Amino acid sequence: MSNFFKKSDLSRSEAENIISDTLQKCDDGELYLENSKSESILLDDNKIKNSSYNSDLGFGFRAISDEVVAYSHSNEISKNSLKQSSENLKSTLKSVKGTYNHEIPKSNKKYYENINPIEQKSLNEKIKILNEVNNYLRSKDENIKQVTANFLGEQKSVEIIRSGGETLTDVRPLIRFNVSVMLEKKGRKETGVYGVGGRQSYDSYLKDDNWKSVCDEALRIASVNLESKPAPAGEMKVVLGPGWPAILIHEAVGHGLEGDFNRKKTSAFHNLMGQKVASEGVTIVDDGTIDNRRGSLTIDDEGTPTEKTVLIENGILKNFMQDRLNARLMKTKSTGSGRRENYRHIVLPRMRNTMMLSGNQTQDEMIKAVDKGIFAVSFGGGQVDITSGKFVFNCTEAYEIVDGKIGSPIKGATLIGDGPSILKEVSMVGNDMMMDPGIGTCGKAGQGVPVGVAQPSILINKMTVGGTKL
Amino acid sequence: MVKDQEFLEKKAAYCLGLAKKLGASESSVIVNNSVSETVNFRNKKLDESNRSDDLGISITTYIGKKKSSISSSNLLDDNLNILIEKCVETTKNTPEDEFNSLPDKDLLAKEVKDLNLYDDTHIENDQKIDYLKKLESAASNDKKIVNTESSFTQNKSNFILANSGGFCAGYKRSSFTASSVIVAKDEKSMERDYEYSSKCFLKDLDDAEELGKQAADQTIRKLSPRKIGSEKIAIIFDKRIAKGILSTFASAVSSSAISRGTSFLKDKVNQKIFSDRINVLDKPDMLKGLGSRNFDSEGVKTNTLKLVDQGILKHYLIDTYNGKKLNLKSNGRCGGTSNLYFENGNISFKDLLNSKSKSLYITETIGHGSNIVTGDYSVGATGFLVENGEFKYPINEITIAGNFKEMFKNISLANDLEFKYATNSPTMMIEGMVVAGK
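Residues numbered from 1 in each chain as written. Chains lettered and ligands numbered in written order. Predicted model: local features only at pLDDT ≥ 70, side-chain atom pairs only at ≥ 80, totals over all residues.

Participant: What is the right way to read the overall build of chain A from this model?
Facilitator: Secondary structure assignment for chain A yields ten helices and 22 strands. Expected size for 470 residues packed as a compact globule is a radius of gyration near 23 Å; at 24 Å, chain A falls within 12% of this value. Going through the 470 residues of chain A one by one, you find that 60% of them count as buried. (Helix = DSSP H or I, 4+ residues; strand = E, 2+ residues; numbered from the N terminus. Rg over C-alpha atoms; globule rule 2.2 N^0.38 Å. Buried ≥ 20, exposed ≤ 12 C-beta atoms within 10 Å, placed from the backbone.)

Participant: I tried to follow the nonpolar core on my own but got confused; where do I start?
Facilitator: Membership of the largest hydrophobic core comes to 205 residues, with the highest contact counts inside it found for Val133 and Ile374 of chain A together with Ile236 of chain B. In this structure Ile236 of chain B touches Leu352, Leu353, Ser359, Leu360, Tyr361, Ile362, Val386, Thr427 and Met429 of chain B, once residues within four positions along its chain are discounted. Formed by 26 residues, the second largest nonpolar core is a distinct cluster that contains Leu18, Ile57, Tyr62 and Leu83 of chain B. (Core = buried A, V, L, I, M, F, W, Y, C linked by C-beta atoms within 7 Å. Contact = placed C-beta atoms within 7 Å.)

Participant: So what exactly am I meant to see when it comes to helix 5 (residues 239–252) of chain B here?
Facilitator: Helical geometry: 3.6 residues make up each α-helical turn, so side chains three or four residues apart lie on a common side. Residue and element names in this part refer to chain B. A rise of 1.5 Å per residue sets the reference length of helix 5, with its 14 residues, at 20 Å; its end C-alpha atoms lie 20 Å apart and thus fit the reference within 8%. Taken together, the buried positions of helix 5 are Ile241, Ala242, Lys243, Ile245, Phe249 and Ala252. Looking at the buried residues of helix 5, the elements they touch are strand 8 (231–237), helix 6 (255–260), strand 13 (358–366), strand 17 (423–424) and strand 18 (428–436). (Expected span 1.5 Å × (residues − 1).)

Participant: What should I look at first to understand the confidence of the model for chain B in this one?
Facilitator: As a general rule, the predicted coordinates of low-pLDDT regions are not to be interpreted in detail. Of all residues in chain B, 100% attain a pLDDT of 70 or more, and the chain-wide mean is 96. Predicted as a complex, the structure gets a pTM of 0.94 and an ipTM equal to 0.91. (pLDDT = per-residue confidence, 0-100.)

Participant: Would you take a moment to explain the domain arrangement of chain A for this structure?
Facilitator: A common way to state how big an interface is: give the accessible area lost once the parts meet. All names here are of chain A. Assigned domains of chain A: these are domain 1 (123–157 + 170–226) and domain 2 (233–466). Counting residues at the interface gives twelve residues for domain 1, matched by 14 residues for domain 2. Sort the elements by how many residues they give to the side of domain 1 that touches domain 2 and strand 6 (residues 188–198) lands first, with four residues. Classifying every residue of the side of domain 1 that touches domain 2 by side-chain character gives four nonpolar, five polar and three charged. (Domains from an automatic or database assignment. Nonpolar A, V, L, I, M, F, W, Y, C, P; charged D, E, K, R; others polar.)

Participant: When you look at the interface of chain B and chain A in this model, what are you seeing that I'm missing?
Facilitator: Listed as interface residues are 61 residues of chain B and, on the opposing side, 65 residues of chain A. The element that contributes the greatest number of residues to the side of chain B that touches chain A is strand 2 (residues 45–63) of chain B, accounting for ten residues. The residue inventory of the side of chain B that touches chain A, partitioned by class, reads 16 nonpolar, 29 polar and 16 charged. Bridge count for strand 3 (residues 68–74) of chain A against strand 2 of chain B is six bridges, and the pairing is parallel. Looking at the pairing, Val69 of chain A lines up with Glu48 of chain B of strand 2 of chain B. (Pairing = 2+ DSSP bridges.)

Participant: How do you make sense of the pairing of strand 15 (residues 390–403) of chain B when you look at a structure like this?
Facilitator: Side chains on a regular strand alternate between the two faces of the sheet. Residues and elements named next belong to chain B. In terms of strand pairing, strand 14 (residues 376–387) meets strand 15 through eleven bridges, oriented antiparallel. Following the sheet pairing, Gly383 is matched in strand 15 by Ile395. Remark: two residues form the turn of the hairpin made by strand 14 and strand 15, two consecutive strands paired antiparallel; Asn388 in that turn has positive phi of roughly 50 degrees. The sheet contact formed by strand 15 and strand 18 spans three bridges and is antiparallel. Residue pairing across strands places Ile400 opposite Val435, the latter belonging to strand 18.

Participant: Whenever I open this one, the sheet that holds strand 9 (residues 280–282) of chain B confuses me. Can you help?
Facilitator: Note: strands within a sheet are paired through backbone hydrogen bonds, in either parallel or antiparallel orientation. Residues and elements named next belong to chain B. The strand order across the open sheet built from five strands is 11-10-9-12-17, with neighbouring strands paired in mixed fashion. Here the strands that pair on one side only, and so sit at the sheet edges, are strand 11 (312–313) and strand 17. The pairing of strand 9 with strand 10 (residues 305–309) spans three bridges and is antiparallel. Within strand 10, the position partnered with Val280 by the bridge is Val308.

Participant: Help me out: how do you make sense of the domain arrangement of chain B in this one?
Facilitator: All names here are of chain B. Assigned domains within chain B: domain 1 (5–220) and domain 2 (226–438). Taking only C-alpha atoms into account, the centre of domain 1 sits 25 Å from that of domain 2. Taken together, the contact between domain 1 and domain 2 spans 19 residues of the former and 17 residues of the latter.

Participant: Looking at this structure, how should I read the packing of helix 1 (residues 12–23) of chain A against helix 2 (residues 79–92) of chain A?
Facilitator: Helix-helix packing: each pair is described by the crossing angle between the helix axes and the interaxial distance. Residue and element names in this part refer to chain A. Look at helix 1 against helix 2: their axes get within 10 Å of each other, and the N-to-C directions meet at 5 degrees. The angle between helix 1 and helix 2 falls in the class roughly parallel. Contact with helix 1, carried on its side by Glu14, Ala15, Ile18 and Thr22, involves Lys79, Leu82, Lys83, Ser86, Leu89 and Lys90 of helix 2 and no other residues of that element. Broken down by class, the residue content of the contact of helix 1 with helix 2 amounts to four nonpolar, two polar and four charged. (Axes fitted to C-alpha atoms, helices over the stretch in contact; angles between N-to-C directions. Parallel < 35°, antiparallel > 145°, perpendicular 65-115°, else oblique.)

Participant: I keep staring at the environment of Lys106 of chain A and nothing clicks. Help me out?
Facilitator: Along the chain, Lys106 of chain A falls in the loop between helix 2 and helix 3 (123–140). Its 9 C-beta neighbours within 10 Å are what place Lys106 of chain A among the exposed residues.

Participant: Would you mind going over unusual backbone geometry with me for this structure?
Facilitator: Leaving glycine out, the prevailing phi sign among residues is negative, and the prevailing peptide bond configuration is trans. Residues and elements named next belong to chain B. If you check the backbone angles, Ser224 has positive phi at about 55 degrees while not being a glycine. Judged by the 11 C-beta atoms lying within 10 Å of it, Ser224 falls in the exposed class. Of note, Asn327 is a non-glycine position whose phi angle comes to about 60 degrees, a positive value. By the secondary structure assignment, Asn327 is in the loop between helix 7 (320–326) and strand 12 (340–342). Judged by local crowding, Asn327 falls into the exposed class, with 6 C-beta atoms found within 10 Å.

Participant: What's the story with the packing of helix 1 (residues 5–21) of chain B against helix 2 (residues 77–93) of chain B in this structure? I'm lost.
Facilitator: Residues and elements named next belong to chain B. It is the contact of helix 1 with helix 2, at a shortest axis distance of 10 Å, that shows an interaxial angle of 40 degrees. By the angle between their directions, the pair helix 1 and helix 2 is classed as oblique. At the point where helix 1 passes helix 2, the crossing takes the right-handed sense. Across the interface between the two elements, Tyr14, Cys15, Leu18 and Ala19 of helix 1 pack against Asp77, Leu80, Asn81, Ile84 and Val88 of helix 2. Each residue belonging to the contact of helix 1 with helix 2 can be placed in one class, and the counts come to seven nonpolar, one polar and one charged. (Left-handed = near helix turned anticlockwise from the far one by under 90°.)

Participant: It is not clear to me how the environment of Ser357 of chain B should be interpreted in this structure. Could you clarify?
Facilitator: Residue and element names in this part refer to chain B. Position of Ser357 relative to the elements: it lies in the loop between helix 8 (349–354) and strand 13. With 31 residues separating them along the chain, Ser357 and Asn388 place their C-alpha atoms 4.7 Å apart. Beyond its immediate stretch of four places on either side in the chain, Ser357 contacts Glu387 and Asn388.

Structural data, given as structure tokens:
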């Protein structure tokens with residue numbers, strides 16, 4: 001655990017006094033301190049291209065009065081700097097008359113260990129694996145023209161000091177290992193990307209030559225794409241594979257169920273609570289409590305322990321995801337979904353691990369039920385316009401389905417749909433729910449946070465496929 | 001207040017000195033400070049205030065052809081000592097790369113011109129609030145407007161770039177940015193749109209009322225959209241989307257994509273990639289330009305480049321490392337382009353709309369559908385159906401797709417270029433793309 005006051009002219013008790021003084025008539029607020037260490041080691045074009053290390057330290061001071069949020073952040077943890085921030089908050093909130101809400105739930109549960117993954121493996125060992133990845137792939141396929149592989153590791157220590165001195169702390173490890181391959185054959189180039197990660201040591205993911213399976217998967221996707229033909233254009237049936245394709249859930253309904261957009265009534269879902277928004281059999285949860293997952297958190301960035309929040313149960317909209325501010329204004333409780341990218345940013349209600357739970361059909365039954373459509377196995381990113389409800393995601397591995405059989409691979413295409421209606425078009429839910437491999441980052445209001453997704457195979461009756469073949 | 005040159009130079013010199021003492025043969029350092037103050041309004045009321053004071057340092061050390069880098073927001077000497085020691089240690093353990101080096105001395109910027117990038121004016125939060133009040137009141141005239149969120153940011157920054165070869169320079173910048181996001185609703189739909197203005201000088205910022213009104217009008221006209229069928233149709237890209245196509249071009253001609261062989265424009269220098277009428281410029285010395293600079297992030301002097309001349313690709317965007325790899329000299333584009341733009345075409349916006357009996361006017365795209373390896377393009381889109389030069393009705397839930405190799409050849413441009421962003425394009429029409437809808 002970091003001692004934020006060790007090398008500062010500011011003592012903890014002085015900080016506590018400034019916090020309590022600043023927040024005394026506010027409804028909520030806190031001092032958020034963060035110390036993060038991260039590394040990136042990149043192999044590209046047969047060479048170690050980059051080895052870098054970052055250490056970031058700072059605080060964010062927040063005061064909330066009714067709906068108004070005042071925020072100030074700085075890298076300098078000093079008496080002067082905190083006082084300046086305090087003045088800044090006070091000048092924004094000129095006439096406050098609230099009552100500070102001291103209530104914050106407690107839990108002893110932890111969803112990851114207090115480790116520093118960067119220190120657990122030497123630089124030389126990391127470089128050795130990256131070189132092995134490069135040699136392994138290049139010896140496997142003569143069409144390989146480019147290999148990129150990288151390690152990203154991080155340890156983030158946070159401390160939240162609330163008015164009255166109550167303190168909540170967390171130490172969060174996070175790693176990612178990615179491999180990208182480019183193939184070239186007869187003048188045509190295609191790429192394949194795969195990665196793994198989560199809140200454990202590098203070795204938990206890479207031991208016993210496990211990195212080879214990451215390489216194999218990236219190469220397999222690139223090889224499939226090398227044979228792909230133009231994707232169709234228009235509305236058709238879509239079968240989604242299990243796991244990572246759950247970005248569909250994240251984009252189509254996840255963002256629209258975040259508390260802020262619903263309090264402001266700018267989400268297409270704001271007036272649908274308690275109503276049927278999905279087919280029977282569709283249950284979606286957002287869970288921050290799964291051990292070692294990329295989207296898991298012991299406490300959120302306001303200090304609330306995370307939980308498993310049921311968003312949609314058997315087709316019915318049950319809950320939004322809430323931070324403390326939006327929960328208070330909507331007269332409900334925080335779901336432990338208050339997150340920020342780092343101390344430079346304000347808290348927003350965000351997703352953690354968003355999952356559609358298993359049903360009882362098989363992927364085989366879904367494929368057989370489609371005359372003409374596509375089977376989407378892997379995706380790049382997605383995006384949503386939460387107001388109109390329209391969302392997209394980009395296929396990175398997909399096949400056509402003709403007369404109940406999987407046909408040729410098709411080129412990467414964007415799929416577009418309507419969030420509030422898409423889940424009503426789900427006609428089969430598979431029994432094969434799978435977590436994603438631990439690589440997702442979600443962007444909102446310029447802030448990126450690590451998230452996870454999961455789903456079984458599903459059949460969607462109608463979606464627009466954005467190919468070029470009419 | 002933002003830190004002065006002297007403070008930043010002192011930190012930079014300390015780092016270079018220490019790196020040398022600890023065994024680095026060469027090193028470079030960037031120290032920057034950025035102070036931002038933002039006020040957000042929502043539905044004509046104060047919603048958020050945000051002050052940020054960011055210090056940052058990044059150091060790269062070389063030992064011969066070995067290289068490593070560190071960065072930190074903690075500029076206390078204690079911390080810098082630990083980090084630089086770690087950086088040098090990591091450098092020793094990182095394999096050699098023959099192309100690693102500081103930029104050639106004769107390419108470095110010799111003088112720093114005043115490009116008029118810093119406005120000393122300080123706008124108090126109360127004045128920001130006045131601006132936002134005017135903006136939101138102008139934006140809220142129509143009953144269909146159900147939510148307005150607007151924001152005003154003042155940013156002042158300063159930096160120093162220094163290296164062990166004796167380069168040491170930096171300068172202040174300022175920006176004043178106002179934006180407004182509007183939600184409108186009718187029986188059938190709810191839609192969102194925005195308007196934005198960002199300038200180096202406060203006095204150049206768009207009028208609050210005009211900005212608010214424009215954001216509101218752009219939102220209301222999107223209500224009750226329809227979905228159209230799948231077809232091949234001419235696409236007209238609004239300027240705010242057209243600039244994205246130019247950005248994709250810039251990524252595809254970056255020397256890193258070229259040297260790695262991962263660009264569809266590899267080996268296309270001196271070949272025709274656009275039609276005869278197309279010229280692309282990157283002009284770093286525009287006064288008050290949002291992308292203006294004297295030198296790139298390695299200190300290399302940045303001259304104006306005509307990247308595309310009458311349809312022919314003339315240059316890649318080259319930095320030191322990839323330049324050495326490609327056997328080309330850096331043209332001062334480490335960190336990307338400066339003020340990048342398509343030169344005006346020769347017909348008016350109106351004539352462009354009129355040039356086809358039926359076309360689609362796109363105002364927003366979503367998704368990350370640009371693949372610079374293959375040139376494939378497929379994104380979700382929102383816009384309007386245009387018939388005989390008139391906007392007929394709004395359209396959404398469609399995708400547009402094509403391949404940049406073909407799309408580039410089919411670009412025609414209007415003559416309505418303005419310098420609203422760092423990368424700018426006139427309104428653009430591309431024929432031969434496929435729309436997927438119903």
